[in-house]
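Residue-level structure breakdown
Listed below, chain by chain, are the residues.
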Amino acid sequence: MSTTPPTSLHPHLPSPLQAVEDSRFNRHGVHLTLKRDDLIHPDLPGNKYRKLALNLAAATAADHPALLTFGGAYSNHLRATAAAGRLLGIPTIGIVRGDELAERPLNPSLARCTADGMRLHFIDRSTYRQKADPDTLAAILRTTGAENPYVIPEGGSNSLAVQGCTALGEELRGRTDVAAVACGTGGTLAGLAAGLAPDQRALGIPVLKGGFLGPEIRTLQERAFGAPTPNWQLDDRFHCGGYARTTPELTAFADDFEDQHDLPVERVYVAKLLYALTTLSEEGAFPPGYTVTAVITATDKTPGQAQSSTSR
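What counts and how
Residues numbered from 1 in each chain as written. Predicted model: local features only at pLDDT ≥ 70, side-chain atom pairs only at ≥ 80, totals over all residues. Heavy atoms only, no water. Helix = DSSP H or I, 4+ residues; strand = E, 2+ residues; numbered from the N terminus. Expected span 1.5 Å × (residues − 1). Buried < 20%, exposed > 50% of the residue type's maximum accessible area, 1.4 Å probe, protein only. Contact = heavy atoms within 4.5 Å. Core = buried A, V, L, I, M, F, W, Y, C linked by side-chain atoms within 4.5 Å. Axes fitted to C-alpha atoms, helices over the stretch in contact; angles between N-to-C directions. Parallel < 35°, antiparallel > 145°, perpendicular 65-115°, else oblique. Left-handed = near helix turned anticlockwise from the far one by under 90°. Nonpolar A, V, L, I, M, F, W, Y, C, P; charged D, E, K, R; others polar. Salt bridge = Lys/Arg side-chain N within 4 Å of Asp/Glu carboxyl O. Pairing = 2+ DSSP bridges.

**Section: helix 11 (residues 270-282)**
When the terminal C-alpha atoms of helix 11 are compared, their 18 Å separation across 13 residues agrees well with the 18 Å that a helix rising 1.5 Å per residue should span. Burial within helix 11 is extensive, with ten of its 13 residues counted as buried. Among the structural elements, helix 1 (23-26), strand 2 (31-35), strand 7 (178-183), strand 8 (201-206), helix 10 (248-261) and strand 10 (291-295) are those in contact with the buried residues of helix 11. Of the residues trailing helix 11, Gly284 is marked for its positive phi of about 80 degrees.

**So, the nonpolar core**
If you look at the biggest cluster of nonpolar residues, it comprises 35 residues, and the most contacted ones within it are Leu34, Leu274 and Leu277. For this core, the secondary structure elements donating two or more residues are strand 2, strand 7, strand 8, helix 10, helix 11 and strand 10. Element by element, the count of residues in this core is highest for helix 11, at seven residues.

**Focus on the packing of helix 3 (residues 76-88) against helix 4 (residues 108-115)**
For any two helices packed against each other, one specifies the crossing angle of their axes together with the interaxial distance. Between helix 3 and helix 4, the least distance of the axes is 8 Å, while the angle of their chain directions is 15 degrees. Considering the angle they form, helix 3 stands roughly parallel to helix 4. Helix 4 is crossed by helix 3, and the crossing has left-handed handedness. Along its contact with helix 3, which presents Leu78, Arg79 and Ala82, the element helix 4 presents Ser109, Leu110, Arg112 and Cys113. Split into classes, the residues belonging to the contact of helix 3 with helix 4 amount to four nonpolar, one polar and two charged.

**Quick notes on the pattern of salt bridges**
For side chains of opposite charge, pairing can occur when their charged atoms come near one another. Counted by the stated rule, this structure contains 17 salt bridges. A salt bridge links Arg86 to Asp116; the nearest nitrogen and oxygen atoms lie 2.5 Å apart. On the criterion of sequence distance, the pair formed by Arg86 in helix 3 and Asp116 in the loop between helix 4 and strand 5 (119-123) is long-range, its members being 30 residues apart. The salt bridge partner of Arg97 is Glu154, with a shortest N-O separation of 3.5 Å. Linking Arg97 in strand 4 (residues 92-97) with Glu154 in the loop between strand 6 (150-151) and helix 7 (159-171), this pair joins segments that are 57 residues apart in sequence. Among the charged side chains, a salt-bridge network with shared partners connects Lys35, Asp37, Arg50 and Glu171.

**A word on unusual backbone geometry**
Put simply, Leu13 and Pro14 share a cis peptide bond, and its omega is -5 degrees. You can see Pro14 is positioned in the segment before strand 1 (17-20). Residues other than glycine seldom take positive phi values, yet His10 does so here, at roughly 50 degrees. Relative to the helices and strands, His10 is located in the segment before strand 1.

**Re the sheet that holds strand 6**
The strands that make up a sheet are held in pairs by hydrogen bonds between backbone atoms, and each pair lies either parallel or antiparallel. The strand order across the open sheet built from four strands is 5-4-3-6, with neighbouring strands paired in parallel fashion. The open sheet has two edge strands, strand 5 and strand 6, and neither has a second partner. Bridging between strand 4 and strand 5 involves five bridges; their strand directions are parallel. Bridge pairing in strand 5 places Val96 opposite Phe122.

**Regarding the packing of helix 7 against helix 8 (residues 187-195)**
It is at 6 Å that the axes of helix 7 and helix 8 come closest, and there the two elements cross at 50 degrees. By the criterion of interaxial angle, the relationship of helix 7 to helix 8 is oblique. Crossing hand, helix 7 versus helix 8: right-handed. When helix 7 is examined against helix 8, the residues Val162, Cys165, Thr166, Leu168, Gly169 and Glu170 are found in contact with a partner set consisting of Gly187, Thr188, Ala190, Gly191, Leu192, Ala194 and Gly195.

**A closer look at the pairing of strand 10**
Burial of strand 10 is extensive: five of the five residues sit out of reach of the surface. On strand 10, burial covers both faces: Thr291, Thr293 and Val295 on one face and Val292 and Ala294 on the other are all buried. Relative to strand 10, strand 2 is paired through five bridges, and the arrangement is parallel. Looking at the pairing, Lys35 lines up with Val295 of strand 10.

This is the structure in structure tokens:
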């Protein structure tokens, strides 16, 4: 089976590395750089391209008639999968958490999915939580009427996705001391850490509360590489109450960062990442002379994301 990403997507790789002069880092002798993965592809930015690329190759090589995946009402992954299907001419199906949403007008994220040709199926939250169970998954697939679709998990995080994200770490070899990324399902961090050099470390900032990501990342690395790597850690303090939740302090910080650096700050993932790194710098977590790289996975600020507390 081919694992070569479809050339028709035309990604811009490697993504640029942008130095940022920020007094909140500079006064501690820390250098901040931004890995602009948001510039990889206009429709599949950042980790979405990296996680989808090998999955798309596998789906097309095996001649699956459709892509099927899962997400919440504001899922960036759903939008990226829908866009990939449009670009490659592959039908897409999105299983959306929350059957109550079927009776409401589509929010901008889901409207974008349908505009790109994705068929949406809304399921109740209890069933959604059990979607990894083989019998539950089979029942979900039957409701869609799709035969033999290529199934991509929520957030896109599977072994092929993790392997695709190793290139992110490889692109940063010799260019940073710490590479940090906001985490939803953990696939990007799992691959990033595996791609770094032995003297570098990866830092994950979970955007969901619950402290569950550590075991999931180790499992992803075991499945992708045979064993977990020892060079990553998580800091669970910056979820601001949960996925898509925010605080006045986070909003003020993101607004200020935008004004200082003329960079749109996506609120669900990137704002929490940059806020975390600023706090850690103030706490002395990074020795003077260190370079810290924030992986910018998106710049889109879809209206309503920061108000939702049930999306993933």
